[in-house]
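Take a look at the letters that make up each chain.
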Amino acid sequence: MEGYKRIHSALISVFHKDGLEPIVRELDRLGVHLFSTGGTQEFIEGLGVKVTPVEDLTSYPSILGGRVKTLHPKVFGGILGRRDLPGDVAQLEEYEIPPIDLVIVDLYPFEATVAKGGSEAEIIEKIDIGGISLIRAGAKNHADVVIVPSMAQYAELLRLLQEQEGGTTLAQRKSFATAAFGVSSHYDGAIYTWFSKGQGDLRLSAGPTTVLRYGENPHQSGAFHGDLQGMFEQLNGKELSYNNLLDLDAAVELIDDLSTIQGVPFAILKHNNACGAAVRPTVKEAWDAALAGDPVSAFGGVLITTARIDKATAEAIDTIFFEIIAAPDYDADALEVLMKKKNRMILKRKPATRSNVKVRTALNGVLTEAADQVVANATSMRTATTNAPTAQEVSDMVFATILVKHTKSNAIVLAMNDQLLASGTGQTSRVDALEQAIAKAGKFNFDLRGAVMASDAFFPFPDCVEIAHQAGITAVVHPGGSIRDQDSIDFCNAHGMAMCITGTRHFKH
């Protein structure tokens, strides 16, 4: 094995101890001399394994409340010393610095502290100094040193220790070094983003990389950069694809907004747009109403809800072909029903923080924007007509406005009784979007008398409210802002329709 080197000594300094025990025991079996500090040293001693405190090596205690522990020439000299350079070897011997062949580090949880709303002082203290320095030093000298920069590499290290009797090749050490610089880059990027409050230069680093089967189409490569396992536990099915992940992203954003409405929301999505959605007292009722919105487009769709899936709902869902279902949990007998099809992707959603910044490439650069976090509610709407909407119409307008926010522009949504009747999506004309929605509602035998219409942007002319009135729609909601708003308001007043204005546009491209 090219560049094979056996590990004789190791420095272990980690924040989290999960998964560390089997590595420590294997290193002990191999006769590796261990150095450690603080809580990690206590953990190793608790396993009955001999370990040398770093303080014994450096002749300095941990000082400044633990801020300075490993920052010492006897530590970094042992890591950075080049074993094939006679001058380095002579200096290591002169200053009695033992070479360190393996460094295992787990950085302070800076991002987790930010995510849970820690104080500024708490966040500052979670900026790792010694750990990040150890990572960079070990990675730089990967010709001689194995650097393990996070728990994500524990399994691979343990495998190599067991299979190669405590040795690694140059290629393996370089692979660990590559991961190390990825960890340090991501960590520093997170710190920079916090300090700059997201207003500084763009730092793109979303976490571990998962290579996908392909991109949007089979001839395109694709990858996901982020902690997908922190968002979902996959209980069944094949690997998620690029398009699956795009649909899931749209589904999660929609269902989270719908969860602000009292009741249980259920949504069915295709190509990032909802083709069915409803809010009902129970998950089974919500599923039935969502499916009724467009049972044809539901074929091969992505299903999502905020409620636990029971057996009755699973049996109803099982009657159609779908790609993915995501829910917070499932009854055991519901899983038995759903898992009969081996390729069906069943996801259990976990609590996870999502980015409030949207990123996409454009031209020869990158566009960023704040996520659209405005969620409609009854108090955010202003009645613009003399005819005030009924309580049910207000409820339906809130529901429809949430849906139209998550529909490709130009978009129109028709809804009644907290159920999506039809939508017009991605049209170059708002009139076309409305006519598409009306036609689709008719296809599935929905009576639009008493329904509401929501638009993602203002009506430049009164033509949309005129068409809506002819279809039986009685209430309209839109952002307003056109110089001809009054024309649409006047038509509604003349024909007994109610109109509400939100003041917030929801373009989605």
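A.B. asks: Explain unusual backbone geometry residue by residue, including any values.
C.D. replies: The linkage connecting Ser409 with the following residue, Asn410, adopts the cis geometry, with an omega of -10°. With respect to the helices and strands, the residue Asn410 is situated in the loop between helix H15 (391-405) and strand E19 (412-415). Of note in the backbone geometry, His271 takes a positive phi value of approximately 50° without being a glycine. Mapped onto the elements of the fold, His271 is located in the loop between strand E11 (264-270) and strand E12 (273-280). For His271, a relative accessible area of 66% translates into the label exposed. Positioned with a positive phi, Asn445 is a non-glycine residue whose angle comes to about 60°. Its location among the elements puts Asn445 in the loop between helix H16 (430-443) and strand E21 (452-455).

A.B. asks: So, a nonpolar patch on the surface: which residues are in play, and what are the values?
C.D. replies: Residues Val357, Val359 and Val366 make up a contiguous nonpolar surface patch of about 200 Å² in total accessible area. Residue placement: Val357 occurs in strand E16 (residues 357-362). Owing to a relative accessible area of 36%, Val357 belongs among the partly exposed residues under this scheme.

A.B. asks: Describe the packing of helix H17 (residues 463-471) against helix H18 (residues 485-494), with residues and values.
C.D. replies: Any two packed helices are characterised by how steeply their axes cross, that is the angle between the axes, and by the distance between the axes. In contact at an axis separation of 9 Å, H17 and H18 are set at 20° when each is read in the N-to-C sense. It follows that H17 is roughly parallel to H18 by the angle criterion. Handedness of the H17/H18 crossing: right-handed. Note on element contacts: H18 touches H17 through Ser488, Phe491 and Cys492, opposite Val465, Glu466 and His469. Taken together, the residues that form the contact of H17 with H18 break down as three nonpolar, two polar and one charged.

A.B. asks: Tell me about helix H8 (residues 130-140), residues and numbers included.
C.D. replies: With eight of its 11 residues buried, H8 lies for the most part within the structure. Taken residue by residue, H8 has Gly130, Gly131, Ile132, Leu134, Ile135, Ala137, Gly138 and Ala139 as its buried positions. Lining the buried residues of H8 we find strand E2 (9-14), helix H4 (73-80), strand E5 (102-106), strand E6 (146-148) and helix H10 (170-196).

A.B. asks: Which residues make up the pattern of salt bridges, and what are the values?
C.D. replies: Close approach of charged atoms lets side chains of opposite charge pair. Applying the stated criterion across every chain yields a total of 22 salt bridges. Two residues, Asp88 and Arg82, come together in a salt bridge whose shortest N-O distance is 2.6 Å. Classification of Arg82 as partly exposed rests on a relative accessible area of 43%. For the salt bridge of Asp447 with Arg449, the shortest nitrogen-to-oxygen distance reads 2.6 Å.

A.B. asks: Lay out the sheet that holds strand E20 (residues 420-424) with the relevant residues and their values.
C.D. replies: One open sheet accounts for six strands, arranged E18-E23-E22-E21-E19-E20; its pairing is mixed. Looking at the sheet topology across the chains shown, the edges are occupied by strand E18 (382-383) and E20. In this sheet, strand E23 (residues 498-501) lies alongside E18 in antiparallel orientation, the contact comprising two bridges. Bridging from a neighbouring strand, Arg382 pairs with Ile501 of E23. Those strands touched by H16 are E19, E20 and E21, and its axis lies near 145° from that of E20.

A.B. asks: Now, about the packing of aromatic side chains: what can you tell me, with residues and values included?
C.D. replies: Within this structure, the stated rule accounts for six aromatic pairs. Ring centres of Phe110 and Trp194 lie 6.1 Å apart, and the angle between their planes is 85°; this geometry places the pair in the edge-to-face category. With Phe110 in helix H6 (residues 110-115) and Trp194 in helix H10, this pair connects stretches of sequence that are 84 residues apart. You can call Trp194 partly exposed: its relative accessible area is 23%.

Conventions we followed
Residues numbered from 1 in each chain as written. Predicted model: local features only at pLDDT ≥ 70, side-chain atom pairs only at ≥ 80, totals over all residues. Heavy atoms only, no water. Helix = DSSP H or I, 4+ residues; strand = E, 2+ residues; numbered from the N terminus. Buried < 20%, exposed > 50% of the residue type's maximum accessible area, 1.4 Å probe, protein only. Patch = residues over 30% accessible without salt bridge, like charges linked within 9 Å, V, L, I, M, F, W, Y side chains within 5 Å. Areas by Shrake-Rupley, 256 points an atom, 1.4 Å probe, with all protein chains shown as cover. Salt bridge = Lys/Arg side-chain N within 4 Å of Asp/Glu carboxyl O. Axes fitted to C-alpha atoms, helices over the stretch in contact; angles between N-to-C directions. Parallel < 35°, antiparallel > 145°, perpendicular 65-115°, else oblique. Left-handed = near helix turned anticlockwise from the far one by under 90°. Contact = heavy atoms within 4.5 Å. Nonpolar A, V, L, I, M, F, W, Y, C, P; charged D, E, K, R; others polar. Pairing = 2+ DSSP bridges. Phe/Tyr/Trp six-rings, centres within 6.5 Å; stacked < 30°, edge-to-face > 60°.

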